[in-house]
Amino acid sequence: MPQQGRCQTDVEIMLKSSFSSNEHIGFDAAGHGKPLVFLHAFPLNRAMWAEQVDEFSSDYYVIAMDARGMGESVAFDAAPAMETIARDLEQLLRYLKIEQPIALCGLSMGGYAAMAFAGLFPEKLCALILADTRPDADSEEARANRATMIEVAKEQGSSAVAEKMMPKLLGDTTRAEKPEVVGLVQNLAAQQKGEGLAQALEALRDRPDSTELLQSLNVPTLVITGEEDSITSPEIMGRMAQSMPRAQHVVIPKAGHLANLEQPREFNWVVREFLEGLKDSG
Ligand code: MLT
């Protein structure tokens, strides 16, 4: 039976004793089996994983979580950071009483949060899937662009952020041939609060460089890139995969940055192949 909910964080439980607050982390959980967790991209929410929840909940316990400030999750209560999202996930796993190591899939911002989780809780990971993401921190130019986008989020709201990002979020093929995917991304982005996106942009801007962490990570890893991804290109991700001791890299044709939404069948297929391969290797 699919479970939907919002899980309180420890901090919020403490707050709750003094305020009548309604502060939670949004998630979906469905299926039975080994835990498989999905972390979403900016500026969307956990609903971007609907096709993956549907596909994998037949034989995995699938969880999709909203990052702070987005979807149904509470805003950041201190300086926005990827580490906070990773700690929220660890608390959600405890809330759901998941004790075994998880397979964790993060796309773009979700990938940065997954890297933070790998650094903080390596013993809680049995497999990592890093999709359309990158290991390095923001360059000076990227940080300056974040500042502009933070203003857009605060002053014009989430639809304006999505409109500015759209040419980079989706590949040329999707924008030309799949209006329904363009509409879905616009719709998901429009559901976000401008203030929440501004916080998430700060967390993106201030994320650490994870290059060394990934080089030392002893966990089977699948790296997935959309062939037409112009934010985190196949070249960047190919180099990242090569630098990791146990990573393989797959490029998905006719997909851009949001590969799981643009080519869900191929995306699901490569994820399934990877996960099945882990079963074979024990
Ligand atoms: C995302 O898709 O989550 C963002 O594009 C990540 C980023 O801007 O670095």
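Above this text sits the structure in question.
Residues numbered from 1 in each chain as written. Predicted model: local features only at pLDDT ≥ 70, side-chain atom pairs only at ≥ 80, totals over all residues. Heavy atoms only, no water.

Engineer: Which residues make up the packing of helix α5 (residues 140-156) against helix α6 (residues 158-169), and what values do they have?
Structural biologist: Where α5 contacts α6, the two axes come as close as 7 Å, and the packing angle between them is 140°. The angle between α5 and α6 places the two elements in the oblique class. Between α5 and α6, the contacting residues are Met 149, Val 152, Ala 153 and Gln 156 on the first element and Ser 158, Ala 160, Val 161, Lys 164 and Met 165 on the second. Among the residues forming the contact of α5 with α6, the class breakdown is six nonpolar, two polar and one charged. (Axes fitted to C-alpha atoms, helices over the stretch in contact; angles between N-to-C directions. Helix = DSSP H or I, 4+ residues; strand = E, 2+ residues; numbered from the N terminus. Parallel < 35°, antiparallel > 145°, perpendicular 65-115°, else oblique. Contact = heavy atoms within 4.5 Å. Nonpolar A, V, L, I, M, F, W, Y, C, P; charged D, E, K, R; others polar.)

Engineer: Help me get a handle on the pattern of salt bridges, residues and values and all.
Structural biologist: Under the counting rule described, the total for this entry stands at 17 salt bridges. Ionic pairing is found between Arg 146 and Asp 138, a salt bridge with its closest N-O pair at 2.7 Å. Of the two residues, Arg 146 and Asp 138, neither departs from the other in class, the shared state being buried. Residues Asp 206 and Arg 205 are paired through a salt bridge, measuring 2.9 Å at the closest nitrogen-oxygen approach. What emerges from the salt-bridge pattern is a single network uniting Asp 28, Arg 46, Asp 66 and Glu 72. (Salt bridge = Lys/Arg side-chain N within 4 Å of Asp/Glu carboxyl O. Buried < 20%, exposed > 50% of the residue type's maximum accessible area, 1.4 Å probe, protein only.)

Engineer: So what about the site of the ligand? Which residues, and what values?
Structural biologist: For the ligand, the full set of nearby residues is Ala 41, Phe 42, Ser 108, Met 109, Tyr 112, Arg 146, Met 165, Ile 231 and His 257. At a separation of 2.8 Å, an oxygen atom of the ligand approaches a polar side-chain atom of Ser 108. When isolated, the ligand has an accessible area of 270 Å², and the protein chains bury 94% of it. (Near = heavy atom within 4 Å. Polar contact = N/O pair within 3.5 Å; in protein donor to acceptor, adjacent residues only side chain to side chain. Areas by Shrake-Rupley, 256 points an atom, 1.4 Å probe, with all protein chains shown as cover.)

Engineer: Provide a residue-level description of the nonpolar core, including the pertinent values.
Structural biologist: Phe 42, Leu 104 and Phe 267 are the most contacted members of the largest nonpolar core, which has 95 residues in total. Per-element tally for this core: the top contributor is helix α4 (residues 109-120), with eight residues. Those residues within four positions of Phe 267 in sequence are excluded, and the remaining contacts are Trp 49, Gln 52, Cys 105, Leu 107, Ala 131, Ile 224, Ile 252, Ala 259 and Asn 260. (Core = buried A, V, L, I, M, F, W, Y, C linked by side-chain atoms within 4.5 Å.)

Engineer: Give me the side chain of Thr 173: which residues, what numbers.
Structural biologist: Along the chain, the position of Thr 173 falls in helix α7 (residues 172-177). Residues contacting Thr 173, with those up to four places away along its chain left out, are Lys 178, Glu 228 and Lys 254.

Engineer: Any chance you could break down α4 for me, citing the residues and the numbers?
Structural biologist: Taking 1.5 Å of rise per residue, twelve residues should cover 16 Å, and α4 covers 17 Å from first to last C-alpha, within 8% of that figure. Most of α4 sits out of view: ten of its twelve residues are buried. (Expected span 1.5 Å × (residues − 1).)

Engineer: Break down the packing of aromatic side chains for me, with residues and values.
Structural biologist: Counted according to the given criterion, the structure contains six aromatic pairs. Ring geometry for Phe 56 and Tyr 60: centres 6.1 Å apart, planes at 70°, overall edge-to-face. Judged by relative accessible area, Phe 56 falls into the buried class, the value being 0%. Where Phe 117 meets Phe 121, the ring centres are 5.1 Å apart and the plane angle is 50°; that geometry is what we call tilted. Neither Phe 117 nor Phe 121 differs from the other in exposure class; each is buried. Grouped by ring-pair contacts, the aromatic residues Phe 38, Trp 49, Phe 56, Tyr 60 and Phe 267 constitute a single cluster. One cation-aromatic arrangement involves Arg 207 over Tyr 112; the distance from NZ or CZ to the ring centre is 4.0 Å. (Phe/Tyr/Trp six-rings, centres within 6.5 Å; stacked < 30°, edge-to-face > 60°. Lys NZ or Arg CZ within 6 Å of the ring centre and 35° of its normal.)

Engineer: How would you explain the environment of Leu 170 if you had to name every residue and give the values?
Structural biologist: As for its placement among the helices and strands, Leu 170 is situated in the loop between α6 and α7. Sequence-wise, Leu 170 and Leu 258 are 88 residues apart; in three dimensions their C-alpha atoms are separated by 6.1 Å. For Leu 170, the residues in contact, after removing those within four places along its chain, are Arg 175, Val 181, Val 182, Val 185, Gly 256, Leu 258 and Glu 262.

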